Amino acid sequence: MKDEQRLGRAAFLGVTVAGLSSLVWGRSAWEAASGILPRSVGAVLPQPTSGWRIYTVAATMPTFDPETYRLRVDGLVQRPLALALDDLRALPVAQQVSDFRCVTGWTVEDVRWTGVRIRDVLAAAAPLPSGAALSFVSAERPYVDSLTLEQASLPDVMLAWGMDGRPLERPHGAPLRLVMPRMYGYKSVKWVERIVVTREPVVGYWEQRGYDRDAWIGHSNSA
Ligand SMILES: Nc1nc2c(c(=O)[nH]1)N[C@H]1C(S)=C(S)[C@@H](COP(=O)(O)O)O[C@H]1N2
Ligand SMILES: [Mo]
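Attention in this report is confined to the structure presented alongside it. (Residues numbered from 1 in each chain as written. Chains lettered and ligands numbered in written order. Predicted model: local features only at pLDDT ≥ 70, side-chain atom pairs only at ≥ 80, totals over all residues. Heavy atoms only, no water.)

Quick word on the overall build of the protein chain
Heads up, the condition is: Going along the chain from the N terminus, every DSSP run of H or I of four or more residues is numbered as a helix, and every run of E of two or more is numbered as a strand. With a 1.4 Å probe rolled over the protein chains alone, any residue whose accessible area is under 20% of its type maximum counts as buried; one over 50% counts as exposed, and the rest are partly exposed. Any two residues having at least one pair of non-hydrogen atoms within 4.5 Å are treated as being in contact. Surface exposure here means Shrake-Rupley accessible area, sampled with a 1.4 Å probe, where a residue is shielded only by the protein chains that are shown.
In terms of regular secondary structure, the protein chain is built from 5 helices and 10 strands. Taking all 223 residues of the protein chain together, 48% fall into the buried category. Taking all contacts inside the protein chain whose residues are at least 6 apart in sequence as the whole, residues at least 24 apart take part in 61%. Accessible surface computed for the protein chain: about 10700 Å², of which carbon and sulfur atoms make up 53%.

Structure representation (C-alpha cells):
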C-alpha cells in the first residue's frame, strides 16, 4: 500500500510539474487538483506522454484511505456487501488489453487493465431475480452511470485497480474504476464506491445531459 501511494503521488507530481510548463493551455483539472489554480468547469489538460484526458465533474478528485475503503454492493441482492481492497484482490484476477474511447473523439489504444470481473464481485451478494441492472456510484458526486446485467457480463467489462502494469492512479479513478471498452468513456465510472443492483438502469450523469444511455461505440447518438 505504501508503494502504491508513493507511486501515485510521484506520478501525480510528475504530471503536475509537466502541467506547469504548459500553463499556456490554461487551467486544468490537474492544476486544480493540486491546488495551484481554481478549477474551471470541464477543464482538460492534454498530457504530452499519452492520449488520456483527465475528466472530472466536481471541484476536487476524491481521496481514499486504502485501509478503510469499501466497495459497497447492495440494492436488489440477498446479501449486501462491503468489500475491502484485500477482498477485491482475493477474487480471481482479470486482465485485458482494450482501447478506451471518449465520445469527444480521443482514443487510447491498447490499455492494459488489471482488476476483477463484475460477476465475481456480485457472486457473494447474490442478486435477486428482479435485479437486471447495475448502477456504478462514484465517490465523485454526483457522477453515476449504469449498465444492464447483460452488458456488464460482456467478457471485456471489468472493475480495474491496475492500469498499464501499475496501480490505478488517482486521476484515473483509484482505487477502482469501471472499464467498458465497447461503450464511450463516460460509461467507465471512476472512483467507484458503490454498486447498486436495480430493476432498470439509472440515467447516468452524461445521459441526463443528452448522451445515449446505451453508449455503444459507433451506434449511439454521438458516433
Ligand atoms: N467519476 C467520474 N468518472 C468519469 C468521468 C468523470 O468526470 N467523473 N468522466 C468519464 C469520461 S467522459 C471519460 S472519457 C473517462 C475519462 O477517463 P480518464 O479521466 O481516466 O481519462 O472517464 C469517465 N468516468
Ligand atoms: Mo468522455
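Moving on, there is more to tell.
Considerations on unusual backbone geometry
In this structure, Pro142 follows Arg141 across a cis peptide bond, with omega equal to 0°. Structurally, the position occupied by Pro142 is in the loop between strand E5 (133-138) and strand E6 (144-148). Backbone torsion omega between Ala174 and Pro175 reads 10°, so that peptide bond is classified as cis. Among the secondary structure elements, Pro175 is positioned in the loop between strand E8 (166-167) and strand E9 (177-179). If you check the backbone angles, Ala126 has positive phi at about 55° while not being a glycine. On the secondary structure map, Ala126 appears in the loop between helix H4 (118-122) and E5. Given the relative accessible area of 15%, Ala126 is considered buried.

Description of the site of ligand 1
Heads up, the condition is: In these notes, residues near a molecule or strand are those with any non-hydrogen atom within 4 Å of it. Any pair of nitrogen or oxygen atoms within 3.5 Å is treated as a polar contact; in protein, a donor-acceptor pairing is required on top of that, and neighbouring residues in sequence qualify only through side-chain atoms on both sides. Three categories are distinguished: nonpolar for Ala, Val, Leu, Ile, Met, Phe, Trp, Tyr, Cys and Pro, charged for Asp, Glu, Lys and Arg, and polar for the others, with Gly belonging to the last. Boundary definitions for the domains trace back to an automatic or database domain assignment.
In the region of ligand 1, 21 residues are neighbours, and Arg53, Glu140, His172, Arg177 and Lys190 sit closest. Taking Ser188, its main chain carries an N or O atom lying 3.0 Å from a nitrogen atom of ligand 1. In the complex, the protein chains occlude 98% of the 530 Å² of accessible area that ligand 1 would expose alone. Taken together, the residues that form the shell around ligand 1 break down as 12 nonpolar, 5 polar and 4 charged. Here the shell around ligand 1 spans two domains, and each of domain 1 (2-56) and domain 2 (71-209) adds at least three residues to it.

As for the sheet that holds strand E2 (residues 81-83)
The line we're drawing: By definition, two strands form a pair when at least two bridges between them are found by DSSP. Only the stretch in contact is used when fitting a helix axis, every axis being a line fitted to C-alpha atoms; angles between N-to-C directions are given from 0 to 180 degrees.
A sheet is described by the order of its strands in space; here 5 strands give the open sequence E2-E1-E10-E5-E6, paired in mixed fashion. Both outer strands of the open sheet, E2 and E6, are each paired with one neighbouring strand and no more. Between one strand axis and the next, the sheet turns through 20° on average, direction left out of account. Bridge analysis of E5 against strand E10 (residues 192-198) gives 6 bridges, and the strand direction is antiparallel. Across the sheet, the residue bridging to Ser135 is Val196, located in E10.

What to know about the environment of Arg112
Turning to its location among the elements, Arg112 is positioned in strand E4 (residues 107-117). For the pair Arg112 and Ser98, spaced 14 residues apart in sequence, the C-alpha to C-alpha distance is 6.7 Å. Arg112 has contacts with Gln96, Val97, Gly162, Met163, Asp164 and Gly165, leaving out every residue within four places of it along the chain.

Quick word on the side chain of Thr198
For Thr198, the position within the fold is in strand E10. Its relative accessible area of 15% is what places Thr198 among the buried residues. Polar side-chain contacts of Thr198 include one of 2.7 Å to the backbone oxygen of Glu200. With sequence-adjacent residues up to four places away left out, Thr198 is seen in contact with Leu76, Ser130, Gly131, Ala132, Ala133, Leu134 and Ser135.

A short note on the pairing of strand E3 (residues 94-101)
Looking along a regular strand, one sees the side chains alternate between the two faces of the sheet. Along E3, the buried face is formed by Ala94, Gln96, Ser98 and Phe100; none of Gln95, Val97, Asp99 and Arg101, which line the opposite face, is buried. Examined bridge by bridge, E3 and E4 share 7 bridges and lie antiparallel to one another. Counterpart to Phe100 in the pairing with E4 is Val108. Connecting E3 to the next strand, E4, in antiparallel fashion are 5 residues, including Gly105 with a positive phi near 120°.

A short note on the pattern of salt bridges
For clarity, the cut-off: Salt bridges are identified by distance alone: a Lys or Arg side-chain nitrogen within 4 Å of an Asp or Glu carboxyl oxygen.
For the coordinates displayed, the defined rule picks out 7 salt bridges. Residue Arg72 is joined to Asp74 by a salt bridge in which the shortest nitrogen-to-oxygen separation is 4.0 Å. Close ionic contact of Lys187 with Glu207 constitutes a salt bridge, the shortest N to O distance being 2.9 Å. Highlighted residues: Lys187 in the loop between E9 and E10 and Glu207 in the segment after E10, separated in sequence by 20 residues. The pair Lys187 / Glu207 is uniform in exposure class, with both members buried. Connected via shared salt-bridge partners are Arg72, Asp74 and Arg194.

So far we have only geometry, and geometry alone does not tell us how the molecule works.
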